[in-house]
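# Results of the structural survey
For reference, the chains in residue letters:
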Amino acid sequence: VRTPEWASEHEIAASLIPFLFTGAWSSTNGADQKVLTGLANADSYDKLEKECQRLASFNDAPLWSVGTYRGVVSKIDLLFAIAGSITTPDLQRYFQMAKVVLGEDDPKLDLPESERWAASMYDKSREFSGALREGISETLVLLAVHGNHLFHSRLGFDCEAAVARLVEDLLTPLKTRILEANDRDLAAYAEAAPEKFLSILEE
């Protein structure tokens, strides 16, 4: 298996970490931009956007850029390619940001069910884009499945335990509103931390 040239250069691999954790995002969404800068521990999004465009122009590029959206070509390939550059602070920043993004309430639930399709007209839309939320939840599953294999012995970071704690924080105390707000993410939570997810539902 050939390792891409960009994966063998530590500086480039390190710059890909926030993009890996995010998965996909809207480049014009201010809330998405804050998540990227937080994950990168950067001062502004502008530098990240320039780096994204540079990386998207590589041969066998790890990132894509279409219109106002950006994303990772293959998240699992990128995870294994740059795992050696990921540190404990990187993982901690991801779980902090994931709690903020996935813990966001859905304002459209304030509307009658028949009017929720027009939530944006009533200014009842989430701050974070749907692409970002989906990308963050997909990363949660990848870290639950592969995280300990990649990071536990090297960093001493228990990804499975961190994922289980996050799922518990997101779903407890369990209420109908929380289930409705997380409706599209419940399958990811169940896959990422099945025992914790089932125990929460049973309780």
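Residues numbered from 1 in each chain as written. Predicted model: local features only at pLDDT ≥ 70, side-chain atom pairs only at ≥ 80, totals over all residues. Heavy atoms only, no water.

### With respect to the overall build of the protein
Of the regular secondary structure elements, the protein holds 12 helices and 3 strands. Against the 2.2 N^0.38 benchmark of 17 Å for 203 residues, the protein shows a C-alpha radius of gyration of 17 Å, consistent with a compact globule. Each principal axis of the C-alpha atoms in the protein carries an extent, and together these give about 50 × 40 × 30 Å. Accessible surface for the protein amounts to roughly 10,800 Å². Of this, 50% is attributable to carbon and sulfur atoms. Across the protein, 20 positive and 32 negative side-chain charges occur, with their mean positions spaced 3 Å apart. (Helix = DSSP H or I, 4+ residues; strand = E, 2+ residues; numbered from the N terminus. Rg over C-alpha atoms; globule rule 2.2 N^0.38 Å. Areas by Shrake-Rupley, 256 points an atom, 1.4 Å probe, with all protein chains shown as cover. Lys, Arg positive; Asp, Glu negative; His and termini not counted. Charge placed at Lys NZ, Arg CZ, Asp CG, Glu CD.)

### Digging into the pattern of salt bridges
Counted under the stated rule, the structure contains 10 salt bridges. The closest approach of N and O atoms between K75 and E138, which form a salt bridge, is 3.8 Å. One end of the pair, K75, is in helix α6 (residues 75-82); the other, E138, is in helix α8 (residues 130-155), with 63 residues separating them in the sequence. Owing to a relative accessible area of 39%, E138 belongs among the partly exposed residues under this scheme. Ionic contacts of the salt-bridge type, sharing partners, join the residues D105, D110, K124 and R177 into one network. (Salt bridge = Lys/Arg side-chain N within 4 Å of Asp/Glu carboxyl O. Buried < 20%, exposed > 50% of the residue type's maximum accessible area, 1.4 Å probe, protein only.)

### Re the packing of α6 against α8
Direction vectors running N to C along α6 and α8 enclose 40 degrees, while the axes themselves pass 11 Å from each other. Read as a crossing pair, α6 and α8 show a hand that is right-handed. Every residue of α8 that contacts α6 at K75, I76, L79 and F80 is listed here: G135, E138, T139, L142, H146, H149, L150 and F151. Within the contact of α6 with α8, the residues separate by chemical class into 6 nonpolar, 4 polar and 2 charged. (Axes fitted to C-alpha atoms, helices over the stretch in contact; angles between N-to-C directions. Left-handed = near helix turned anticlockwise from the far one by under 90°. Contact = heavy atoms within 4.5 Å. Nonpolar A, V, L, I, M, F, W, Y, C, P; charged D, E, K, R; others polar.)

### Description of the sheet that holds strand β2 (residues 63-66)
Spatially, the 3 strands line up as an open sheet ordered β1-β3-β2, and their pairing is antiparallel. What marks the edges here is a single partner per strand, and that holds for β1 (24-26) and β2. Neighbouring strand axes in the sheet, compared pairwise and without regard to direction, differ in orientation by 15 degrees on average. Summarising the sheet, β1 and strand β3 (residues 69-72) pair through 3 bridges and their orientation is antiparallel. Residue pairing for β3: S26 is matched across the bridge by Y69. (Pairing = 2+ DSSP bridges.)

### Re a nonpolar patch on the surface
The grouping of W64, V66, Y69 and V73 at the surface amounts to a nonpolar patch, some 380 Å² of accessible area in total. Among the secondary structure elements, V73 is positioned in the loop between β3 and α6. (Patch = residues over 30% accessible without salt bridge, like charges linked within 9 Å, V, L, I, M, F, W, Y side chains within 5 Å.)

### Observations regarding unusual backbone geometry
In this chain, T172 is followed by P173 through a cis amide linkage whose omega measures -5 degrees. Tracing the backbone through its elements, the reader meets P173 in the loop between α9 (159-171) and α10 (176-181). At D60, a position not held by glycine, the phi torsion is positive, near 55 degrees. Mapped onto the elements of the fold, D60 is located in the loop between α5 (45-56) and β2. Here the phi dihedral of D123 falls at roughly 55 degrees; this positive angle occurs in a residue that is not glycine.

### Considerations on the pairing of β2
When β2 meets β3, the two strands line up antiparallel, connected through 4 bridges. From the neighbouring strand, S65 faces β3, where its bridge partner is R70. What sits between the antiparallel neighbours β2 and β3 is a turn of 2 residues, in which G67 has the positive phi angle 60 degrees.

### Observations concerning the nonpolar core
Within the largest apolar cluster, 58 residues are counted, with the highest numbers of intra-cluster contacts made by L16, F19, Y94, F95, L140, F151 and Y189. Element by element, the count of residues in this core is highest for α8, at 9 residues. With residues up to four places along the chain from it excluded, the contact list for Y189 reads L102, R133, L140, V167, L170, L171, N182, P194 and F197. (Core = buried A, V, L, I, M, F, W, Y, C linked by side-chain atoms within 4.5 Å.)

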